[in-house]
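Fold and contact review
Letter by letter, the chains look like this.
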Amino acid sequence: MRVTRLDAPQLLALADELADLLTATVHDGASIGFLAPLGRTAAVEWWRERADGVAAGRLAVWAALDGDRVAGTVSLVFPDKPNSRHRAELVKLMVHREARGAGLGRRLLTTAEDAAVAAGLTLLHLDTETDSPAEHLYRSAGWTRAGVIPDYAASPAGVLRPTTLYYKRVGEEIGAASRDR
């Protein structure tokens, strides 16, 4: 399985496959910003709308490809404000149910973290549904829990759920911060 960063034309070419992953993930109950049932047409359109952000450099998307099938994805959203260019938000980490349990989520997470370091970023942040399976992955990968917001987002079933915020320091400043203590 290969993990590749998608440019805008590649994202558009894979929009159907990415949509299949997105709809399956929502169907499985993951709280990633969508309510169930998520129709395939809406999911394809959502992915197509991301192409402009990729082309402009505001969004980086990686796909784990098993042949022609998308088995997983992760993205980084880069802020456009001058005072926040040192950080990015990790979003839409998804692994197809058939590929879970083999380390693909960790590999995608590491890919995004390494790309952030290569881009000169020093801080990543994310939010995830409290008590979700994703929380174990983030904690075991060294992410720090910042806090919980009650009733932050609706689950795919429409039930309000708490969200946990996480952050991770990456890149050169980790060493500098450790030396300064």
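Below or above, wherever it landed, is the structure these notes cover.

Quick notes on the rules
- Residues numbered from 1 in each chain as written.
- Predicted model: local features only at pLDDT ≥ 70, side-chain atom pairs only at ≥ 80, totals over all residues.
- Heavy atoms only, no water.
- 1 Å grid on protein atoms, 1.4 Å probe; cavity = no way out; pocket = protein on both sides within 12 Å on 5 of 7 lines; lining within 4 Å.
- Points joined across faces, edges and corners; volume = space filled by probe spheres on them.
- Helix = DSSP H or I, 4+ residues; strand = E, 2+ residues; numbered from the N terminus.
- Pairing = 2+ DSSP bridges.
- Axes fitted to C-alpha atoms, helices over the stretch in contact; angles between N-to-C directions.
- Contact = heavy atoms within 4.5 Å.
- Salt bridge = Lys/Arg side-chain N within 4 Å of Asp/Glu carboxyl O.
- Buried < 20%, exposed > 50% of the residue type's maximum accessible area, 1.4 Å probe, protein only.

1. Remarks on the layout of surface pockets
The calculated volume of the largest pocket comes to roughly 1000 Å³. Together, 39 residues line the largest pocket, and Ala30, Ile32, Leu93, Thr128 and Ala134 are the ones closest to its centre. Sorting the residues of the lining of the largest pocket by element identifies β4 (87–95), α5 (104–118), β5 (123–129), α6 (133–140), β6 (144–154) and β7 (160–169) as the ones contributing at least two each. The greatest single-element share of the lining of the largest pocket, amounting to seven residues, is contributed by β4.

2. Quick notes on the sheet that holds β5
Strand order in the open sheet made by the seven strands is β1-β2-β3-β4-β5-β7-β6, with mixed pairing throughout. The sheet is open, and its two borders are formed by β1 (2–6) and β6, each paired with just one other strand. This sheet shows a mean twist of 25° between the axes of neighbouring strands, independent of strand direction. Alignment of β6 against β7, held across seven bridges, turns out to be antiparallel. Looking across to β7, one finds that Gly147 is bridged to Leu165. Taken strand by strand, α6 contacts β4, β5 and β7, and its axis lies near 155° from that of β5.

3. What about the pattern of salt bridges?
The full count for this structure, using the stated rule, is nine salt bridges. Residue Asp28 is joined to Arg100 by a salt bridge in which the shortest nitrogen-to-oxygen separation is 3.4 Å. Remark: Arg100 occurs in the loop between β4 and α5 and Asp28 occurs in the loop between α2 (15–27) and α3 (40–49); sequence separation between them is 72 residues. For Asp28, a relative accessible area of 34% gives the class partly exposed. A residue is classified by how much of its surface remains accessible, and Arg100, at 42% relative accessible area, is partly exposed. Within the structure, one salt-bridge network assembled from shared partners comprises Asp16, Asp20 and Arg40.

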